[in-house]
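Observations on the three-dimensional arrangement
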Amino acid sequence: QLIELNPSGWKNTTKYLIPALIVLLIGLSGYSLYRYSIRKRRNIPKTKKATPHIPEEKSFQNNITLFGDFHVLDNDGNDITNLFTPRLKQLFLLILLYSQKEKSGISSNELTTMIWGDDSAKSTKSLRSVSILKLRKILENIDRVEVLFNANKYSIAFSNDIYCDYVVCLQLLKNKIKDKGEFEQFYAIISKGEIFKGESFNWLDDYKTYICNKIVD
């Protein structure tokens, strides 16, 4: 009835009402966003320094033991230790130790000299290639360990599913043992026996001395 009786008055009212409603909606939206941002900031947890991943021992699979007797279990829990001939075991240890020490690994020339000595370059290159191939074939049974070759250097890379007591021991010593749980894990490793038991290579002496001194400290 009002519209019919006074159409011009309705037009004047809507001319001011619509902009006012728009301003009100914008204001409410801005206020809602402000309240949401405040709540979100309050709920943000304090950032914590990332803790390096230290795997727990899984004695039934993907397990490499270097303290005490050398022992390797594949991804099905089968004992594949006997697949490592003395030469392949030496090759594996050398690449592994250099991978942990230098991260980038060991050069092909160093590897050849330390294992095969000063034989002719042609024959030692062939022996090295065959031995690396055999080692990679064995490690395919473990989920997963890879022998990598990059920038003329060999290195070994482990996935998070692999447990190697030597690598875990180095991590615990580097991070400094912080609680009872870590100490028990550390003690379980070193109580297995001597590191690299039965192995006597000139290049291995420094590693044995280093790890033994760190353990005693």
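Only a predicted model underlies this, so the values are computations on that prediction, with no experimental measurement involved.

Each helix and strand counted, the protein has eight helices and six strands in total. Mapped in sequence order, the helices and strands of the protein form the string α-α-β-β-α-β-α-α-β-β-β-α-α-α. Evaluated residue by residue, the protein yields a buried proportion of 34% over its 217 residues. Counting contacts in the protein only where the partners sit at least 6 residues apart, residues at least 24 apart contribute 59% of the total. Carbon together with sulfur atoms contributes 55% to the accessible area of the protein, which is approximately 14600 Å² in total.

Mean pLDDT over the protein: 81, with 71% of residues reaching 70 or higher. Overall, residues 44–52 carries pLDDT values under 50, and its contacts beyond four positions in sequence, including any with other chains, amount to one contact.

Oppositely charged side chains are able to pair whenever their charged atoms sit close together. Under the defined criterion, the tally for this structure stands at six salt bridges. Two residues, Glu 140 and Lys 137, come together in a salt bridge whose shortest N-O distance is 3.8 Å. Since its relative accessible area comes to 56%, Glu 140 is described here as exposed. The partner of Glu 194 in a salt bridge is Lys 208, and the shortest N-O contact between them spans 3.5 Å.

With respect to topology, three strands assemble into an open sheet ordered S3-S5-S4, the strand pairing being antiparallel. Strands with a single pairing partner mark the edges of an open sheet, and in this sheet they are strand S3 (106–107) and strand S4 (145–150). With six bridges connecting them, S4 and strand S5 (residues 153–158) associate as antiparallel partners. Counterpart to Phe 149 in the pairing with S5 is Tyr 154.

Quick notes on the rules
- Residues numbered from 1 in each chain as written.
- Predicted model: local features only at pLDDT ≥ 70, side-chain atom pairs only at ≥ 80, totals over all residues.
- Heavy atoms only, no water.
- Helix = DSSP H or I, 4+ residues; strand = E, 2+ residues; numbered from the N terminus.
- Buried < 20%, exposed > 50% of the residue type's maximum accessible area, 1.4 Å probe, protein only.
- Contact = heavy atoms within 4.5 Å.
- Areas by Shrake-Rupley, 256 points an atom, 1.4 Å probe, with all protein chains shown as cover.
- pLDDT = per-residue confidence, 0-100.
- Salt bridge = Lys/Arg side-chain N within 4 Å of Asp/Glu carboxyl O.
- Pairing = 2+ DSSP bridges.

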